Each structure stands twice: as structure tokens, then as C-alpha cells.
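Fold and geometry: a report
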Amino acid sequence: MTQPSLAGEAFASQSYESCSLVTSEYLTVLQLADRGLDLETLSTSLLDLSDPGAQRLEAILALANREGIVEAHSAVHSEYARCARGMYEYRGIPAAGSREHHFHQCAGENKSRYEVGLAATLQANPANVAAQLSPEHKDAVTKIFDTFESQGAGVLFDALASELKRCLKNSG
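Since this is a predicted model, take the numbers as computed values, not measurements. (Residues numbered from 1 in each chain as written. Predicted model: local features only at pLDDT ≥ 70, side-chain atom pairs only at ≥ 80, totals over all residues. Heavy atoms only, no water.)

**Describing the confidence of the model for the protein**
What counts is decided by this rule: Confidence of the predictor at the level of single residues is captured by pLDDT, which takes values from 0 to 100. Each helix corresponds to a stretch of at least 4 residues labelled H or I by DSSP, and each strand to a stretch of at least 2 residues labelled E; elements are numbered beginning at the N terminus. Two residues form a contact once any of their heavy atoms are found within 4.5 Å.
Averaged over every residue, the pLDDT of the protein is 88; the share at 70 or more is 91%. Confidence, expressed as mean pLDDT per element, reaches its minimum in the protein at helix H1 (residues 8–11) with 56 and its maximum at helix H9 (residues 153–169) with 96. This model gives residues 1–8 a pLDDT under 50, and the stretch forms 19 contacts once residues within four places in sequence are excluded.

Next comes the structure, spelled out in C-alpha cells:
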């Protein structure tokens, strides 16, 4: 995956929505790959897949094969946070109530859940993690830690991907 520079030109044609939708696509590919779909099956099932799209599909699956599905999920979430941060630095916070503002909020929510998920995988103390979060994010700590402890990192990252996609779906 290519990482955009935080230089202004890198974000001139981007939006919070584009960061979000690309991330959602990558996470969906990882979820399908984790359920057994291979590159050939995914490539043939995606109608009108452009050459750059096919290259990105191949790259994300290669990352998952090389590093593992959890690491691939983590890389995608990290890239999403970088993209959203770059958008913030370039464009700031979108107007309240706008479609773009909704995608900005989903990015922030995802970043918080992802960081809590990382803390769980590192065996951090849930109370210490919760103490660092704003009140609206504290309830997620218990759920995320419980998911990790009872079902493992793979299920946790799959759930984080699904939660992001739910947020994005409610965009309009």
C-alpha cells in the first residue's frame, strides 16, 4: 500500500470519504480472504476491476499472506488514521452536518477503537486504557478487551472492520 505524503498536494484530490471508502474496500478484501477467498476468486467476482484496482487487491492479499491477516488489518487501520490525519491537516474539520463530516467522525471513531484494540493485543490494563479516553469511548474498552480475550485478535480485527463499515453505511 502506498502511503500518502502529508504534503498538501497529496490531499488535494482526497477527502475523508475517499480515505474511508478505500479503507472499507481493503478491510472487506481482508475479511473475505480470511474466510477463504483467494486472489483469483476475488478478482473474477469484482466486475469492472481496473488495472490499478487489481494491483491494490493483489498488494493487500500479498501483505496478508506475508504478514498475516491481523497484521494486514492493523496496517490498513494505521493507513486510514494517517490518511484522515492528513486530511485534517490539509482541510481541517468539515462543516457540521455535512456528509464529509460524517466520514470524519467515522475516521475518529475507528482510530479510537483501533488504538484500544492494539492496547488489548499488548495486554494493557483496560482501566488504564479507559482512563485515557473521552467518556463516549470508555464503554468500547470492555467490549474490545472482552472480544480479544475470548476470541482472539483475528475476530477482534474482523469486528473492528465491521464496526467501521456500519459507521460508514450510516453516512447518508
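Here the narrative resumes.
**Description of the state of the cysteines**
Defined as follows: Working definition: a disulfide is two cysteine sulfur atoms within 2.5 Å of each other. For every residue, the accessible area (1.4 Å probe, protein chains only) is compared with the maximum for its type, and the residue is labelled buried under 20%, exposed over 50%, or partly exposed between those bounds.
Taken as a whole, this structure holds two disulfides when the rule is applied. One disulfide in the model links Cys-19 with Cys-83; its S-S distance is 1.9 Å. Torsion about the S-S bond of the Cys-19 and Cys-83 cystine: about -65°, corresponding to left-handed handedness. Of this pair, Cys-19 sits in helix H2 (residues 16–34) while Cys-83 sits in helix H5 (residues 69–91); the two residues are 64 residues apart in sequence, bridging distant segments of the chain. For Cys-83, a relative accessible area of 9% gives the class buried. A sulfur-sulfur separation of 2.0 Å characterises the disulfide bridge that pairs Cys-106 with Cys-167. An S-S torsion of about -90° defines the bridge between Cys-106 and Cys-167 as left-handed. Taken together, the residues span a long stretch of sequence, with Cys-106 in helix H6 (residues 99–121) and Cys-167 in helix H9 at a distance of 61 residues. As far as the burial class goes, Cys-106 and Cys-167 line up, both buried. Each bonded cysteine in the protein gets a number by its place in the sequence, and the pairs come out as 1-2, 3-4.

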